[in-house]
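# Structure at a glance
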Amino acid sequence: MNELINIMADDMNIRPYTNEQAEYFGYRVIYSALGLWCLKSALSEKENKRGISKNSQSILLHDLSKKYIELYPMAKRFIFASRNTDIAVFIRNIYEQTGYLLTLDKNYNVLNNSGETIRVSETDYLYLGLPATCYIVNGLGIHCRNGRHEVKLNDFLIRDSLTPEEYIKVKFDECDFNKRDIDVAELEFFNPFFYGNVSNSWNGHMKSNMTMARKSTMGPYYRTIRKEGGTFLFADDSSGDEPYALTGAEFRRLYIALRYYYDNPMQLLICPIDEVYSYIRILGQLPNREYFYLLMNAWPRYGFLDRNHFIIRNELTEKTAEVLGTIGFTARKGEFYG
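Residues numbered from 1 in each chain as written. Predicted model: local features only at pLDDT ≥ 70, side-chain atom pairs only at ≥ 80, totals over all residues. Heavy atoms only, no water.

With that out of the way, let us pick up the overall build of the protein. Scanning the protein from N- to C-terminus turns up 10 helices and 20 strands. For 338 residues, the compact-globule estimate of 2.2 N^0.38 gives 20 Å, and the C-alpha radius of gyration of the protein, at 22 Å, lies within 12% of that figure. Expressed along its principal axes, the backbone C-alpha trace of the protein runs to roughly 70 × 50 × 40 Å. Looking at the protein alone, contacts between residues at least 24 apart form 64% of all its contacts between residues at least 6 apart. Carbon together with sulfur atoms contributes 48% to the accessible area of the protein, which is approximately 16500 Å² in total. Each charge sign in the protein was given a centre, from 40 positive and 42 negative side chains, and these centres are 2 Å apart. (Helix = DSSP H or I, 4+ residues; strand = E, 2+ residues; numbered from the N terminus. Rg over C-alpha atoms; globule rule 2.2 N^0.38 Å. Contact = heavy atoms within 4.5 Å. Areas by Shrake-Rupley, 256 points an atom, 1.4 Å probe, with all protein chains shown as cover. Lys, Arg positive; Asp, Glu negative; His and termini not counted. Charge placed at Lys NZ, Arg CZ, Asp CG, Glu CD.)

Below you can see the structure in the form of structure tokens.
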């Protein structure tokens, strides 16, 4: 199987980084190969109808992943990293959400052949589809050197251009707030000064003049302003968006922006490995737009559902830092310990 892994790696232009363990390299190759199979399956044609049904696509990828693991069992813990999420459905959804696959008749996918590209470095473009020749695979993203019909990155991500400060001003406009019959003693408040995870950043005292409040982890959630004299103003804030959509998990942007606003930004560690690759670690949880961007440019390190650790080519780190920086992350260099 090592020979097959090497052939697949050569086809996709994937190289091991310095001292990369065989199981990590094999997983990265298999992960990207499943992505490539997903895209190529959408080029199928049967009875004069192009494309493939979503169900058939999922079955194909699921069967392939099982066959790869039978041949290369060391990658099993990465590919079957969750009992609740099938990697086949995961990959198919990512391509549907990012425009690689176009869904027809609700349940039928065809490959996007419009030739749209998004610049991701000085020399690299993310290609939405499959170029005829000369492309490399980074994570689930297909990359090429020449841009054709270039799409602006913000348009690809459906992202506005607000800075973190501007976003906070919009979300905490007092015109949207009211006094409410809410017992403050029953609330927990997000502490933007806390350095650790958002899940550990809640307590019974409001540490800042603007923040989020909640009655429990299940909600309800409120944007909260504390006025001079101790008056509290509230605005309802729903966190129930689509978890698998490109525009999903957007509530996380507010926590990132609050941390940035109060001079405690979330961190992006960029750790050079060698002349080709870097390891990046994200100290926080990303909205899906930025997370999907990473999936199009890097490999999740500890399994396909890993949202915090990635292996990425060096030339792609600058744009990644820029993308995360626009929502409030601060990039700094770190060390890679293998």
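Attention now goes to empty space enclosed by the protein. Taken as a whole, this structure holds 1 cavity of 30 Å³ or more when the rule is applied. In this structure, the largest cavity spans a volume of roughly 30 Å³. Lining the largest cavity are Tyr-17, Glu-20, Tyr-24, Tyr-27, Arg-28, Pro-300, Arg-301 and Ile-311. Of the residues forming the lining of the largest cavity, the biggest block, 3 residues, is contributed by helix H2 (residues 22–41). Its residues assigned to classes, the lining of the largest cavity comprises 5 nonpolar, no polar and 3 charged. (1 Å grid on protein atoms, 1.4 Å probe; cavity = no way out; pocket = protein on both sides within 12 Å on 5 of 7 lines; lining within 4 Å. Points joined across faces, edges and corners; volume = space filled by probe spheres on them. Nonpolar A, V, L, I, M, F, W, Y, C, P; charged D, E, K, R; others polar.)

Right, let's get into the nonpolar core. Counting 78 residues, the largest nonpolar core has Tyr-31, Ile-91, Tyr-95 and Phe-329 as its most contacted members. Here this core gets 11 residues from one element, more than from any other, and that element is H2. Not counting the four nearest positions on each side in its chain, Ile-91 is found in contact with Tyr-31, Leu-34, Gly-35, Cys-38, Leu-61 and Leu-140. Counting residues in each nonpolar core, the second largest holds 17 residues, with Phe-172, Met-210, Ile-225 and Leu-254 among its members. (Core = buried A, V, L, I, M, F, W, Y, C linked by side-chain atoms within 4.5 Å. Buried < 20%, exposed > 50% of the residue type's maximum accessible area, 1.4 Å probe, protein only.)

What follows concerns helix H10 (residues 317–325). Regarding H10, the residues found buried are Thr-317, Thr-320, Val-323 and Leu-324. On an axial view of H10, the arc spanned by its buried residues comes to 120°, and they lie on one face. For H10, the elements touching its buried residues are helix H6 (153–157), strand E16 (267–272), strand E17 (277–283), helix H9 (288–295) and strand E19 (309–313). (Arc of directions from axis to C-beta.)

Considered as a void within the structure, the largest pocket measures approximately 450 Å³ in volume. Lining the largest pocket are 23 residues, and of these Asn-197, Val-198, Ser-199, Gly-284 and Gln-285 lie nearest its centre. Broken down by secondary-structure element, the contributors of at least two residues to the lining of the largest pocket are helix H8 (251–261) and E17. With 5 residues, H8 is the largest single contributor of residues to the lining of the largest pocket. By residue class, the composition of the lining of the largest pocket is 10 nonpolar, 9 polar and 4 charged.

When we look at burial in helix H1 (residues 2–12), the residues that qualify are Ile-5, Met-8, Ala-9 and Met-12. Along the axis of H1, the buried residues cluster in a sector spanning 100°; they form a single face. Away from the buried face of H1 by more than 90 degrees, exposed residues Glu-3 and Asp-11 are located. Packed against the buried residues of H1 are H2, helix H3 (54–71) and strand E8 (136–138). Count one or two residues on from H1 and you reach Asn-13, which has phi positive near 60°.

Before going further, it helps to examine the sheet that holds strand E5 (residues 108–111). If you walk across this open sheet you meet the 3 strands as E3-E5-E4, and the pairing is antiparallel. The open sheet has two free edges, formed respectively by strand E3 (52–53) and strand E4 (101–104), since each of these has just one partner strand. Judged from the 4 bridges that link them, E4 and E5 form a sheet pairing that is antiparallel. The residue of E5 that forms the bridge with Thr-103 is Asn-109. The strands that helix H5 (residues 87–98) touches are E4 and E5; relative to E4, the one it contacts most, it runs at about 90°. (Pairing = 2+ DSSP bridges. Axes fitted to C-alpha atoms, helices over the stretch in contact; angles between N-to-C directions.)

Attention shifts here to the environment of Glu-47. Structurally, Glu-47 can be placed in the loop between strand E1 (45–46) and strand E2 (49–50). Through-space distance from the C-alpha of Glu-47 to that of Ile-273 is 50 Å; in sequence the pair is 226 residues apart.

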